[in-house]
Structure formats: C-alpha cells, structure tokens
Amino acid sequence: MLKLYKAAVLWSAFIGLAGINWGMDVLLSNGVISVPSFQRDFGYVFNGAYIISASWQIAFNTAASIGGFFGAIGCGYLADKIGKKWTLAIACIVSIGAVIVQIFASKSGLLMAGKLINGLSLGAFLTITSSYAAEVCPVEVRGLTTSGVQLFVGIGQLAANLILKGTGTLESNLAYKIPFALQFIFPVCLLIGLPFCPESPWFLARSQQSTQAIMTLERLGFPSPITTLAEIESTINNEAQKNSSTSYLDCFRGSDLRRTEVAMGIFAVAQLTGVVFVIGYSSYFFELAGLSASSSFSLSVGVSVLGLVGVICSWFLIDRTGRRSTSLIGTAVLTGLLFLIGILDVTPGSRTGPVYAQVACIIAFAFVYLASIGPMGWTLFAEISSSRLRSRTVGLGIVVQNSFGVLMNIVVPLLINPDAANLRGKIGFIFGGTALLSCAWVWARVPETAGRTFQDLDWLFEKGVPARKFEGYKVPL
C-alpha cells in the first residue's frame, strides 16, 4: 500500500518538515533556560547563582504559544482561500524573519517579541502539516501520515536537545544564538520545495479546479483519479446541501459541534497529562533534582530518542489497536507514572535513589506518551472534522494546544522554580489528577475512526452514534 501511494506519503513527509521547527522551538524555549550563558545574559543572581526569573520564564515560554493561537486561526482562514501550500510558504517567511529577531536580541523584551512573531508561523506549521496529510492520502495510509506529524515534532525536539548538548556549555552567547540560528534550516528547505509540491485535491475540488484535481490525484498515486474525485465532490456536495457556510461559528453547530469537541478535547488531554512539565522541562527538572547541567542535557537527549522509538511503535498500534483504545490505555499508564513521580518526591531518606527513579519515570513517560496519546491526537483531529471545515477545525485544535501551552508555561515555572513554589516532583500529584479526569473523557467521547472514510464519519456523526459504538458500526453507504 505504501508503494502504491508513495508520492502521497513522501509529499506528506515533506510538508511534515514544518513540524520539526515546531518541536525545535518548544524544546529550545524551555531548554535555553538551563544554559549558563543565557542565564547570565537574561537572568539575575539568586542565592549566588544566575537564574531566569519565573516571570521571564513565563514570558519566554508563552510568547510562541500566544502567537500560535493567532497563527492557527489565521491559517485556517487563509488555507481555505489560497490553499495549504502557499499558506505554508507565508508562514516560512514569517518564521525566518522572527528567527533573525531572536538571534540579534540583546534585551529580554526583544527576544520575547521574536518568539511571539515566530509563534504565528508555528501555529500555521501544525495546522497545515496534519490537515494536508489527511487530504492527500487515502484511508489506508492516513493514520500513518497524520500520526507521522508527531515523529517530525519528536525529531525537532531531539535535534534541539542535541544542539543544546553541543552548545549549552559554551561560555559565550553563541551557546544560545547558534540554536536560534539553526531554526532557519527547515523553513528555507520548505520554501525551495513548495513550488513543486501538489496542492490538496480537496482544496482544488472546492475551488472548482477539477482538471487540476485529477492531475494532482494521478500524481499522488491514486489508481482511479476520476473516481476518487467524484467521491470527493460527492462528500463536498452532501455537506454543502446541509450547510454551505464555512465560518468558525459553523464548527460549533449541529453535528460539527461534537466533532470540534473531539478535535479540541484530544489536545487538551495531551496537555493535561503534564507533557509540558515531563518532556518540555525535563533538563531543567533534572538540574533542580541535583544533576549537573551536562548530565541533564544528556538525559534529555535520551528522553527524546526513546520518544522517537515510541512514535514508531505507534504506527503499529494506530490501525491494529485503534485510535480510541491506544489513547485510553496510554493516558491511563501516564496517570500511574505521574502519581509515581509525586510519591517518589515525598519518599523519606536519601535523595539519590528517588531522583534516579523519577528520571526513569520521565523516560518511560516520554515513550508511552509518544506511542499513544501524542500521535493519536494528530490523527484524530485531522480525521474527525468535516471536509468543508477541516482547516478551521484543525486550527481550533492547535488553538487549544497553544492555549494550554500558555497555561502550562505559566503554571509549571511557578510550581517548580526555586524562587516560587519549589514543588519539584510533587507536581506529579497535580498532573496525575488532571490525567485521571482525561481518561474518563477519552472513554466517554473519543470515537474509533480507523478504517473509516470521510463519508462514513459524516454519516456516523450526523446520526449521533455514541463514541463507544463507532467501531464495527454498519454504515449504509
């Protein structure tokens, strides 16, 4: 099947390069906090050592998420007007400009502004990558390509950790300027390749460009492009008969309300498991736990590598076990690991044993998260939306992710920073509770979409079939 649709998979992978930049930015924003020269240039002395204040940590780490909020909303609108690939091109240009600002920033305010502008492009990167993969690939490989977005994000996070490992101990400001500068690479690569990239056949069909859509489907490897286009146009026409409007408000009307809830909710679940703390702040947490800066960066690299192994494992689970079961079981295991991190922090006696046990829990968390709820979120929110509202629904999913990103990057520093609550591993109790609530929501609201065409999903949602009954339900189409 992969051989037949090789072109569709490869172009999805090319667009997925944008996800690498998002993964790099998330880890670099959090990781540079542990770089001594960054602490010296943008921090202050606390108990004889330089640290970044909790307030500036919040500003640096939330700026990109705030920008991503508006970037995702704007991208959903723009992609419906000019297409996905040219929207992505605009985002790449914005990203390059924002990186230049970050490289030459010498004041905290200017650095934050660069991160805010870059956030606009990052929101578009995530919105385009998953929705493009869902629209250019057939149902047989759709789960692989949409969940593959998480692989690219993971590659970006690994790259960021390797970069920080290599430069983080430099005494000059190159220790953090080099990591910022390397964010040029993938936007430039995308700008070079985008003129040759096929546009989404769904966008072409909605734009009445039938001839171009047939040529694109043939180029993507579809064996019967005319038949496939007829199915796409049938789905578009059926949706238009019910409601031809494509505003953001339409995402919250009729059966689309439930679809939007799942698309947004699955990213809320991913954030409520505490992934920002466990993965995003892993190197900083390791330092607070008493490990050296070098050991902390090395362990963070290990977390990223094992996370990538988890993503690859998810490819074997996504269709065999299913989206729903994998998400539910994964969230339940993460809940247990979070409570264990909290318990280890209050264990009396020597700190050495509990610290290394917490490190083991964080590594296990990265693997389980990226084998389950992490990649399943990218698949579900791209599949679950109706075709006419896909760009907007996916955009709303990214809005939720960025909104929680803002919230978590405000809350986590206040909870773990030495000059704030200083909870350290006890934060596991808090996220363990939110993850437990998330398990209940996944069980009640997340349907099984594996093997379903977009026409099937339209019918199931229109008829109000309960989430628990989606799997195996007979669709009379």
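The paragraphs below set out a description of the structure included in this document.

What counts and what doesn't
- Residues numbered from 1 in each chain as written.
- Predicted model: local features only at pLDDT ≥ 70, side-chain atom pairs only at ≥ 80, totals over all residues.
- Heavy atoms only, no water.
- Disulfide = S-S within 2.5 Å.
- Salt bridge = Lys/Arg side-chain N within 4 Å of Asp/Glu carboxyl O.
- Helix = DSSP H or I, 4+ residues; strand = E, 2+ residues; numbered from the N terminus.
- Buried < 20%, exposed > 50% of the residue type's maximum accessible area, 1.4 Å probe, protein only.
- Polar contact = N/O pair within 3.5 Å; in protein donor to acceptor, adjacent residues only side chain to side chain.
- Contact = heavy atoms within 4.5 Å.
- Phe/Tyr/Trp six-rings, centres within 6.5 Å; stacked < 30°, edge-to-face > 60°.
- Lys NZ or Arg CZ within 6 Å of the ring centre and 35° of its normal.

**Considerations on the state of the cysteines**
Linking two cysteines covalently via their sulfur atoms produces the bond known as a disulfide.
And step 1. The final tally for this structure, using the stated rule, is zero disulfides.
And step 2. Unpaired in terms of disulfides, C361 finds its nearest cysteine sulfur in C439, a separation of 16 Å.

**Let's talk about the pattern of salt bridges**
And step 1. What the rule picks out here adds up to twelve salt bridges.
And step 2. In this structure, E135 and R390 form a salt bridge, with 3.1 Å as the shortest nitrogen-oxygen distance. Of this pair, E135 sits in helix α5 (residues 108–136) while R390 is found in helix α19 (residues 390–416), placing the two residues 255 residues apart along the sequence. Of the two residues, E135 and R390, both sit in the buried class.

**Section: the side chain of N118**
And step 1. Relative to the elements of secondary structure, N118 occurs in helix α5.
And step 2. We classify N118 as buried; its relative accessible area is 0%.
And step 3. Within the structure, the side chain of N118 is placed 3.0 Å from the side chain of S95, a separation counted as a polar contact.
And step 4. Non-local contacts of N118, meaning those with residues more than four positions away in its chain, are made with D25, S95, A98, V99, Q102 and Q183.

**Things to note about the environment of W378**
And step 1. By the secondary structure assignment, W378 is in helix α18 (residues 373–383).
And step 2. According to the relative accessible area criterion, W378 is buried, its value standing at 2%.
And step 3. When the C-alpha atoms of W378 and V309 are compared, they prove to be 17 Å apart, with 69 residues separating the residues in sequence.
And step 4. Discounting residues that sit within four places of it in the chain, W378 has contacts with L126, S130, T146, V149, Q150, V153, F267, I398 and Q401.

**Focus: the packing of aromatic side chains**
And step 1. Enumeration over the complete set of coordinates arrives at 17 aromatic pairs.
And step 2. For the ring pair F267 and F381, a centre distance of 4.7 Å and an interplane angle of 80 degrees mean the geometry is edge-to-face. Note that F267 is positioned in helix α12 (residues 255–272) and F381 in helix α18, a separation of 114 residues in sequence.
And step 3. Among the aromatic residues, those joined into a cluster by ring pairs are F38, F42, W56, F60, Y176 and F180.
And step 4. Between the NZ or CZ atom of R142 and the centre of the ring of F454, over which it lies, the distance is 4.6 Å.
And step 5. Of note, R390 hangs over the ring of F454, and the distance from its end group to the ring centre comes to 4.0 Å.

**Describing the environment of E261**
And step 1. Mapped onto the fold, E261 is located in helix α12.
And step 2. Sequence separation of E261 and I312 is 51 residues, and the distance between their C-alpha atoms is 27 Å.

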